[in-house]
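Topology and contacts: notes
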Amino acid sequence: MTELAPIMEKTHEWASKYAKKKGFILNPDEEMLQMVIEGLARNKHEHGKQYCPCRLRSGDDEQDRKIICPCIYHQEEIDTEGNCHCSLFFRV
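1. Observations regarding empty space enclosed by the protein
- All chains considered together, the criterion is met by one cavity of 30 Å³ or more.
- Along its surface, the largest cavity is lined by 14 residues, and C52, C69, C71, C84 and C86 are the ones closest to its centre.
- Elements that contribute at least two residues to the lining of the largest cavity include exactly α2 (30-47) and α4 (74-81).
- Within the lining of the largest cavity, the residues separate by chemical class into 10 nonpolar, two polar and two charged.

In structure tokens, the structure reads:
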């Protein structure tokens, strides 16, 4: 976990800025938020990309590009469900 700490910090910073820019909020459940941030950081560390931790990578770079956070699905999910599938971003 300690090796992920700096990546997690940068990921949280990025997610906060992105949410503010798009008019979203981050998950208000701090424990869940940290789990998602850790998953994003782990994927960045292990795979070099910030893949959504709630989606499975296919191994095909073109397909997997769709699930780099923020994934191509997040806006529609937030519009219809109130939050993205990973529960990182929520509608205000």
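2. Here we look at α2
- For α2, spanning 18 residues, the distance from its first C-alpha to its last is 25 Å, which sits close to the expected 26 Å at 1.5 Å a residue.
- The set of residues buried in α2 consists of L33, V36, I37, G39, L40, A41 and N43.
- Buried residues belonging to α2 abut α1 (5-22) and β1 (24-26).
- Here α2 starts with a cap whose side-chain oxygen sits 3.1 Å from the backbone nitrogen of E31, and that cap is D29.
- Two residues or fewer after α2 comes G48, characterised by a positive phi angle close to 80°.

3. With respect to the state of the cysteines
- Counting across every chain of the model gives one disulfide.
- With a sulfur-sulfur separation of 2.0 Å, C54 is cross-linked through a disulfide to C86. Given an S-S torsion of about -75°, the disulfide between C54 and C86 has left-handed geometry. Taken as a pair, C54 in the loop between α2 and α3 (61-64) and C86 in the loop between α4 and β2 (89-91) lie far apart in primary sequence, 32 residues in all.
- On the accessibility criterion, C54 (30% relative accessible area) is partly exposed.
- The structure places no disulfide on C69, whose sulfur is separated from the nearest cysteine sulfur, that of C52, by 4.7 Å.
- Left unpaired, C71 is separated from the closest cysteine sulfur, that of C52, by 4.0 Å.
- The exposure class assigned to C71 is buried, which follows from its relative accessible area of 4%.

4. Quick notes on the environment of V92
- By the element assignment, V92 lies in the segment after β2.
- As a C-alpha pair, V92 and I25 span 67 residues in sequence and 6.1 Å in three-dimensional space.
- Apart from the residues lying within four places of it in its own chain, the contact partners of V92 are G23, F24 and I25.

Criteria and thresholds
- Residues numbered from 1 in each chain as written.
- Predicted model: local features only at pLDDT ≥ 70, side-chain atom pairs only at ≥ 80, totals over all residues.
- Heavy atoms only, no water.
- 1 Å grid on protein atoms, 1.4 Å probe; cavity = no way out; pocket = protein on both sides within 12 Å on 5 of 7 lines; lining within 4 Å.
- Points joined across faces, edges and corners; volume = space filled by probe spheres on them.
- Helix = DSSP H or I, 4+ residues; strand = E, 2+ residues; numbered from the N terminus.
- Nonpolar A, V, L, I, M, F, W, Y, C, P; charged D, E, K, R; others polar.
- Expected span 1.5 Å × (residues − 1).
- Buried < 20%, exposed > 50% of the residue type's maximum accessible area, 1.4 Å probe, protein only.
- Contact = heavy atoms within 4.5 Å.
- Polar contact = N/O pair within 3.5 Å; in protein donor to acceptor, adjacent residues only side chain to side chain.
- Disulfide = S-S within 2.5 Å.

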